Amino acid sequence: NVELLNEQSSLVLLHSILNLAGILLFYPFMEKFCLFLEGRFKDSILFSTFYIKRNNLAHSGAGMEIMEREAEAFVFRSILLNVEAFHLERTTIPHSKIIDEIRFKNDQFNSYAERYQDVKKAEGEIVSFYYRINEAEPDRTDVIRLERLMSCVRNAMYASKCIKDVYEDRMELRNTADEEKYNQYKIFQDNLNGFYSDILHFLTEKKHTEQFVELVKIIEKVHKEYDLRVSHIYTEAVKTGMHELDISTLLNVNRELYSSCKAIVFAVKDLIMDEESAANFDNIPLSVLK
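Here the structure is a predicted model, which means the values were calculated and not measured.

Peer 1: Go over the nonpolar core, please, and point to the residues and values.
Peer 2: Ranked by internal contacts, the top residues of the largest apolar core, which has 80 residues, are Ile79 and Ile199. Counting residues per element, this core draws most heavily on helix H10 (residues 244-272), which supplies 15 residues. With residues up to four places along the chain from it excluded, the contact list for isoleucine 79 reads Tyr196, Ile199, Leu200, Leu203 and Ile264.

Peer 1: Explain the environment of glutamine 117 residue by residue, including any values.
Peer 2: As for its position among the elements, glutamine 117 is in helix H5 (residues 112-135). Taking C-alpha positions, glutamine 117 is 9.6 Å from serine 48, a pair spaced 69 residues apart along the chain.

Peer 1: Which residues make up the packing of aromatic side chains, and what are the values?
Peer 2: Two aromatic rings, taken as a pair, are described by how far apart their centres are and by the angle between their planes. Taken as a whole and assessed by the stated rule, the structure comprises 10 aromatic pairs. Note on phenylalanine 212 and phenylalanine 281: the rings are 5.9 Å apart at their centroids and 80 degrees apart in plane angle, and the pair reads as edge-to-face. Of the two residues, phenylalanine 212 is situated in helix H9 (residues 211-240) and phenylalanine 281 in helix H11 (residues 275-282); the sequence distance between them amounts to 69 residues. Of the aromatic side chains, those joined through ring pairs into one cluster are Phe86, Tyr182 and Tyr185. In this arrangement the basic side chain of lysine 105 is found over the ring face of phenylalanine 50, its NZ or CZ atom lying 6.0 Å from the centre. Its end group placed over the ring of tyrosine 167, arginine 170 keeps NZ or CZ at 4.9 Å from the ring centre.

The rules behind each value
- Along each chain, the written sequence defines residue order, and numbers are assigned to residues from 1.
- In keeping with the model being predicted, local features are shown solely for residues with a pLDDT of at least 70 and side-chain atom pairs are shown and tallied solely at 80 or more, while totals for entire chains, interfaces and linings include all residues.
- The side-chain numbers reported here are obtained from all heavy atoms of the structure, hydrogens and water having been left aside.
- Among the buried residues, those of types Ala, Val, Leu, Ile, Met, Phe, Trp, Tyr and Cys that are joined through side-chain atoms within 4.5 Å form a nonpolar core.
- A 1.4 Å probe rolled over the protein chains alone gives each residue an accessible area, and that area as a share of the maximum for its type sets the label: buried under 20%, exposed over 50%, partly exposed in between.
- Secondary structure follows DSSP: runs of H or I at least 4 residues long count as helices, runs of E at least 2 residues long count as strands, and numbering of each begins at the N terminus.
- Contacts are assigned to residue pairs that have any heavy atoms within 4.5 Å of one another.
- Note on ring pairs: Phe, Tyr and Trp rings are taken, using the six-membered ring of Trp, and paired if centres are within 6.5 Å. Classes follow the plane angle, with under 30 degrees stacked, over 60 edge-to-face and the rest tilted.
- Charge over a ring is defined by NZ of Lys or CZ of Arg lying within 6 Å of the ring centre and within 35 degrees of the ring normal.

The values are spatial; any link to function lies outside them.
As C-alpha cells, then:
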C-alpha cells in the first residue's frame, strides 16, 4: 500500500510539474493569442448589424450598397421591436427575407430589453461604418445620400426609444383593473396595429409613383389619431373623475406613441424617397406634422 501510494504521489507530482511548465511556456504568448482569437471570431460573433463586417469596405461604392441595406434592415428592426413592446398582432407583419432574418436574430435573445440593447449596438456599428465610408472620400451625391441614410437610422432609433420610455407605463395599463385605463390601452394598441400595418404595407409594396401621397396620408392619420386620443382622455377624465396621476400617465404614453410613429414615417421617407421628394415632404405644413 505504501509503495502504491508513493507511485500515485509521483504521478500527481509529474502532472503538476508538466502543467506548470506549460503555463510558464505559454504565458508570454497569451496576449498575442487572445488578439488572434478576437480577430478570427469577432466578425461572426460580436456584430449586431446584418451586412457590416470589419473588412468589407474596399471602396465607397461597396460601402454605399451596404449602408442602403443596413438602413432598411434597421427600420424593420425598429418596427418589429415596437410591435413586440406593445404586444401587437404579429399577423400584420408580412414575410420577407430580411424580416425573417430579424425574427431569427431576435429569437436568440431572452427579453425585450436584450433585443433593444442589440438594436442600440447596431446603431453604433452603423455610425462607425458611416465614418469609414467618409474616410474613403465619396462623391457629393453619395455624401448627400449618406446623410439621409443616417437620418433614417437616427429616426428609427428614436422611434424605438420613445416606446421603451413608456414600457413600464404600458405594462401598468395592460395589467390594470381600472376599466377606463385598460380601454385606453386597447385604443393605443388598435391605433398602433393600424399604423404598423399601413407602414409595412407601404414599405413592401414600394409603389414609387404614389409614395409621396401615400406617406402623407399615413402621417395625417397619425396626427388625427393623436388628437382623438387626447380628446378621449380629457373626456373620460372629467366623466369618471380620473386621478391626476393616471391622466398624466395616459397623456405621456400618447405623446410618446405619436413621436414614435412620426419618427418611423420620417425614417421611411429618408430611406425610400429621392432628394427632391424628401425635401418636399420636410416642408409639409406644420398643421399636418405638428
